[in-house]
Amino acid sequence: GVWTKRMQNNLLTKMHEEKLTPDMQRKERNKAFDLLDALSRSGSLPIVCAELHVFVAATHCFENSLMATVIQDNINPIEKMEKSMLIIASTIYGLPPVHLLKNEQEEQRVLKYSPTLFE
């Protein structure tokens, strides 16, 4: 896929974006690993406490406006987004969607509008 790099040269300049080709993606990945290598002195300094934050973004597009989707199409957009979030969480945590729900009442509610999640 295409990556978008957002950066600013310093705190006083404006943010700018650029699309990264596969070759540019490889170069950026190598630069990140080179930085990690330098910070840990090629692994000789242990990184005792570190956190990795991963941001997963998902968008939903409907053919009509939000109000038209709800009123004219009779579609609840929250149910569509919840289904997507369960699919993403299931993938990240390696658990079936049913194990991510709070209780049996939630399970029955989601089963009503997304039965394919439970197959």
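Just so it is clear, the model here is predicted, and its values are computed rather than measured.

What counts, and at which threshold
Residues numbered from 1 in each chain as written. Predicted model: local features only at pLDDT ≥ 70, side-chain atom pairs only at ≥ 80, totals over all residues. Heavy atoms only, no water. Helix = DSSP H or I, 4+ residues; strand = E, 2+ residues; numbered from the N terminus. Rg over C-alpha atoms; globule rule 2.2 N^0.38 Å. Core = buried A, V, L, I, M, F, W, Y, C linked by side-chain atoms within 4.5 Å. Buried < 20%, exposed > 50% of the residue type's maximum accessible area, 1.4 Å probe, protein only. Contact = heavy atoms within 4.5 Å. Expected span 1.5 Å × (residues − 1). Polar contact = N/O pair within 3.5 Å; in protein donor to acceptor, adjacent residues only side chain to side chain. Salt bridge = Lys/Arg side-chain N within 4 Å of Asp/Glu carboxyl O.

Undergrad: Is there a simple way to explain the overall build of the chain in this structure?
TA: The secondary structure content of the chain amounts to four helices and two strands. Ordering the α and β elements of the chain from the N terminus gives β-β-α-α-α-α. Taken over C-alpha atoms, the radius of gyration comes to 21 Å for the chain, far larger than the 14 Å a tight globule of 119 residues would show. Its C-alpha atoms give the chain principal-axis dimensions of about 55 × 35 × 30 Å.

Undergrad: I'm lost on the nonpolar core in this one. Help?
TA: Soluble, globular proteins show a tendency: their nonpolar side chains are buried together. Formed by Leu86, Leu101, Val110, Tyr113 and Leu117, the largest nonpolar core amounts to five residues. For Val110, the residues in contact, after removing those within four places along its chain, are Glu82, Leu86, Leu101, Pro115, Leu117 and Phe118.

Undergrad: Looking at this structure, how should I read helix H1 (residues 22-39)?
TA: Compared with the 26 Å implied by 1.5 Å per residue over 18 residues, the 26 Å span of H1 between its first and last C-alpha is a close match. Backbone geometry just downstream of H1 places Arg41 in the positive-phi region, at approximately 50°.

Undergrad: Explanation requested: helix H3 (residues 77-93) in the structure shown.
TA: Two residues of an α-helix separated by three or four positions point the same way, owing to the 3.6 residues in each turn. Taking 1.5 Å per residue, 17 residues should reach 24 Å; H3 reaches 24 Å between its end C-alpha atoms and fits that length. Along H3, the residues that are buried comprise Pro77, Leu86, Ala89 and Ser90. Looking at the buried side of H3, the elements it contacts are helix H2 (66-71) and helix H4 (104-113). Its side-chain oxygen at 2.9 Å from the backbone nitrogen of Ile78, Asn76 defines the N-terminal cap of H3. Backbone geometry just after H3 places Gly94 at a positive phi near 65°.

Undergrad: Sorry, what's going on with the pattern of salt bridges here?
TA: Side chains bearing opposite charge may pair, as long as their charged atoms lie close to each other. All chains considered together, the criterion is met by seven salt bridges. The salt bridge partner of Arg109 is Glu82, with a shortest N-O separation of 2.9 Å. Within this pair, whereas Arg109 is found in helix H4, its partner Glu82 is found in helix H3, the two being separated by 27 residues in sequence. By relative accessible area, which is 34% here, Arg109 ends up partly exposed. One salt bridge connects Arg109 with Glu106, and the closest N-O pair in it is separated by 2.6 Å. Of the two residues, Arg109 and Glu106 are both situated in helix H4; the distance of three residues between them amounts to about one turn of the helix. You can call Glu106 partly exposed: its relative accessible area is 25%. Each member of the salt-bridge network shares a partner with another, and the members are Lys5, Glu28 and Lys31.

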